[in-house]
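The primary structure of each chain is shown beneath.
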Amino acid sequence: MKLSFIFITTSLILLQSCMKGESADLVIHNASIHTMEDGAKTFEAIAIKDGKIIEVGSERQILNKYSAEKYIDAAGKDVYPGFTDAHGHIMSYARQKLSVDLVGCKSYDEMLVRIEKYQSKHNRAFIIGRGWDQSRWKGDEMPTNNRLNELFPDIPVCLFRIDGHALLANDYLIKKSDVLKKFAEDEELNQGGYIITQQAKKKHNTSIANQIGSIAFDIVAPTGVFVDNAMNPILDILPDFPKEELNAAILEVQHELFTYGVTGVHEAGLKRFEVELLEELMENESLPLNIYAMLSPTEKNIEFARKEGIYQNKSMLIRSFKVYGDGAMGSRGAFMKEVYSDSHEHQGYLTTSLKRMKEIATICEKVNYQMNTHAIGDSTNRIMLELYQDIYSVKPDHRWRIEHAQIVDPKDFQLFAKAGVFPSVQPTHATSDQGWVESRVGKERMGGAYAYRSLLNQFGMMAIGTDFPVELTNPFATIHSAVNRKNTEEIPGNGFLANESITFEQCLKGMTIWAAFAAFQENELGTLEKGKDATLVIFERPVAAPKEYQYNFANTTIIKGKIVYTVE
Ligand SMILES: [Zn+2]
């Protein structure tokens with residue numbers, strides 16, 4: 001008995017001294033660790049030190065080798081690299097949280113009720129709302145501001161459509177911004193946007209009226225709806241929310257992302273002061289979220305890029321410009337090769353002139369930035385693919401991106417491979433637009449709509465995101481849309497354009513390693529390998545893509561070895 005006791009103690013001592021051999025900050029064990037490396041099996045344990053992964057291996061291997069400050073028993077749960085949302089708008093979402101929330105409104109009336117409720121609570125000097133979508137209302141008719149004017153005759157009201165590409169303003173704001181005159185006089189605004197007028201609305205009896213060159217209040221009454229560049233004079237006078245409120249809302253967005261296991265966002269368009277705002281939050285350690293910032297091509301940002309080049313500060317990396325190639329499909333601003341099927345007066349437009357896009361491309365090439373262009377219509381996609389081809393001959397690994405690639409002419413699919421262009425797509429757009437997109441573009445053009453499988457076959461990788469706040473931040477809705485091509489209400493039963501589905505594995509890669517590639521971050525992020533950032537998530541339920549949508553969420557979210565969120 002005595003001998004045997006000694007033996008056990010010795011082995012314990014031996015084991016302990018062995019454990020003390022290598023120290024770690026954190027060991028997660030009893031887990032099902034998916035490293036997302038090609039062909040890798042799952043592992044049970046992972047050791048983390050100084051924010052980096054030092055080893056991934058079996059339970060015994062890791063527990064025997066390392067002595068950690070902290071251990072997490074994952075109870076067999078799935079562990080993945082932190083998800084990246086490869087196209088989101090943190091700033092817009094933060095502002096949406098402070099605005100009247102119009103998402104999901106089923107009628108104009110409901111919209112008014114929500115505005116009144118909001119205003120009685122906040123009593124703002126300027127009412128900003130976001131999220132209306134007339135395609136959810138009876139008749140798919142663009143709204144007019146008549147009743148808005150009755151309710152709010154002497155305070156500016158600005159209500160953004162869900163996609164951010166159109167807004168409804170009351171007359172007070174229209175006058176205050178002088179948008180009608182400015183729009184009439186500025187050719188650039190004119191070419192990349194339009195104003196919907198009462199007269200035109202009556203004449204064509206369609207939800208969207210003719211594009212018009214010059215109007216004044218007394219000649220043609222505006223309905224209050226301004227699309228794409230026609231919004232600019234209003235945006236110019238829109239006040240921002242107080243900094244403290246904005247900061248709090250940004251952290252709220254971050255928290256929401258963490259609850260879903262999203263640890264990084266490719267932020268699709270920041271102004272200079274917004275970059276500074278985010279950097280301030282990073283400086284005081286309250287914003288650990290990985291942000292890959294795409295800069296809006298403003299003068300200040302271009303100056304910044306020329307001076308700083310590729311720029312990394314804390315958890316923000318800047319090395320790209322985001323350009324708006326065209327408008328949105330919902331408001332017929334997406335630039336199509338042929339007219340819209342449900343409104344032959346409309347073909348859409350480029351919201352940035354070709355000349356300007358070429359200038360931006362030249363700057364990007366010089367400062368070694370990516371050019372990431374919003375392209376929804378098949379014409380814009382074609383134009384950008386051609387423009388991008390030039391960079392391919394100079395830098396084959398440029399990774400320039402097309403954001404959305406929503407309607408692509410199948411003849412142009414091959415250009416993604418030929419020009420080495422990274423598609424950056426949002427699978428929930430497909431399932432959200434399913435009810436009306438075919439009426440916009442017609443049956444034939446649907447062959448190149450939300451064609452994720454075809455695009456993936458060309459380039460071999462794709463970045464996957466949500467475009468929040470246009471869609472929800474929930475990556476599990478993305479997985480369901482991408483793999484089963486259904487929304488979370490299981491519509492349509494047999495999948496929307498189901499032949500363009502991608503696999504579960506591909507979708508996960510699009511949110512991890514391919515997203516990292518799309519931001520030149522594959523050496524730090526995207527897989528759970530030795531030497532990379534310890535940025536990972538323990539999910540509450542098995543991560544999978546069952547035929548029926550399954551809600552899932554993070555149990556524990558870790559960025560660079562630090563727990564940033566854990567379920568209550
Ligand atoms: Zn976007």
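Residues numbered from 1 in each chain as written. Predicted model: local features only at pLDDT ≥ 70, side-chain atom pairs only at ≥ 80, totals over all residues.

**Student:** When you look at the overall build of the protein chain in this model, what are you seeing that I'm missing?
**Tutor:** The secondary structure content of the protein chain amounts to 22 helices and 24 strands. In summary, the protein chain has a C-alpha radius of gyration of 25 Å against a globular reference of 24 Å for 568 residues, a match within 12%. Viewed in the frame of its principal axes, the protein chain has a C-alpha envelope of about 105 × 55 × 55 Å. Among the 568 residues that make up the protein chain, the fraction classed as buried is 52%. Nonlocal contacts in the protein chain, meaning residues at least 24 apart in sequence, comprise 73% of its contacts between residues at least 6 apart. (Helix = DSSP H or I, 4+ residues; strand = E, 2+ residues; numbered from the N terminus. Rg over C-alpha atoms; globule rule 2.2 N^0.38 Å. Buried ≥ 20, exposed ≤ 12 C-beta atoms within 10 Å, placed from the backbone. Contact = placed C-beta atoms within 7 Å.)

**Student:** Just checking my understanding: could you explain the pairing of strand S24 (residues 562-566) for this structure?
**Tutor:** A regular strand places its side chains on the two faces of the sheet in alternate fashion. Relative to S24, strand S23 (residues 554-559) runs antiparallel, the two being bridged by four bridges. Of the residues in S24, the one forming a bridge with Thr 557 is Tyr 565. (Pairing = 2+ DSSP bridges.)

**Student:** Would you mind going over helix H13 (residues 299-308) with me for this structure?
**Tutor:** Quick reminder: α-helices carry 3.6 residues per turn. Residues three or four places apart thus point the same way. Residues Asn 301, Ile 302 and Ala 305 constitute the buried set of H13. Taken around the axis of H13, the buried residues stretch over an arc of 100°, which confines them to a single face. Opposite the buried face of H13, at more than 90 degrees from it, the exposed residues are Glu 299, Glu 303, Arg 306 and Lys 307. Residues of H13 that are buried sit in contact with helix H12 (272-283), strand S15 (290-295) and helix H14 (354-367). At the C-terminal side of H13, Gly 309 shows a positive phi close to 65°. (Arc of directions from axis to C-beta.)

**Student:** I'm lost on the pairing of strand S6 (residues 78-81) in this one. Help?
**Tutor:** Bridging between strand S2 (residues 32-33) and S6 involves two bridges; their strand directions are parallel. In the sheet register, Ile 33 faces S6, and the bridge partner there is Val 79.

**Student:** What is the right way to look at the domain arrangement of the protein chain in this model?
**Tutor:** Many analyses report the size of an interface as the accessible area lost when the parts associate. By the assigned domains, the protein chain splits into domain 1 (2-76), domain 2 (126-237) and domain 3 (243-563). If you average the C-alpha positions of domain 1 and of domain 3, the two centres end up 37 Å apart. If you look at the interface, domain 1 gives 17 residues, while domain 3 gives 17 residues. Mapped onto the side of domain 1 that touches domain 3, the elements with two or more residues apiece are strand S1 (22-29), strand S3 (45-49) and strand S4 (52-57). At five residues, the largest contribution of residues to the side of domain 1 that touches domain 3 is made by S4. (Domains from an automatic or database assignment.)

**Student:** What is the right way to look at the sheet that holds S4 in this model?
**Tutor:** The pairing of strands in a sheet comes from backbone hydrogen bonds and takes either a parallel or an antiparallel form. Here we have four strands laid out as an open sheet, ordered S4-S3-S1-S5, and mixed in their pairing. Only two strands of the sheet have a single neighbouring strand rather than two, namely S4 and strand S5 (66-73). With strand direction ignored, the average angle separating the axes of adjacent strands in the sheet is 25°. With seven bridges connecting them, S1 and S5 associate as parallel partners. What sits directly across from Leu 26, in S5, is Lys 70. (Axes fitted to C-alpha atoms, helices over the stretch in contact; angles between N-to-C directions.)

**Student:** Which parts of the structure should I look at to understand the sheet that holds S6?
**Tutor:** Spatial ordering of the open sheet is given by S2-S6-S22-S23-S24, a layout of five strands whose pairing is mixed. In the strand order of this sheet, the two ends are held by S2 and S24, each with one partner.

**Student:** Where do I start with the packing of helix H3 (residues 90-98) against helix H11 (residues 243-259) in this structure?
**Tutor:** Any two packed helices are characterised by how steeply their axes cross, that is the angle between the axes, and by the distance between the axes. The contact between H3 and H11 brings their axes to 8 Å, and the two run at 110°. Our classification of the angle between H3 and H11 gives roughly perpendicular. Both H3 and H11 take part in a crossing whose hand is right-handed. Residue-level inspection shows Ile 90, Tyr 93, Ala 94, Lys 97 and Leu 98 of H3 in contact with H11, the latter providing Glu 245, Leu 246, Ala 249, Ile 250, Glu 252 and Val 253. Partitioned by chemical class, the residues of the contact of H3 with H11 number eight nonpolar, no polar and three charged. (Parallel < 35°, antiparallel > 145°, perpendicular 65-115°, else oblique. Left-handed = near helix turned anticlockwise from the far one by under 90°. Nonpolar A, V, L, I, M, F, W, Y, C, P; charged D, E, K, R; others polar.)

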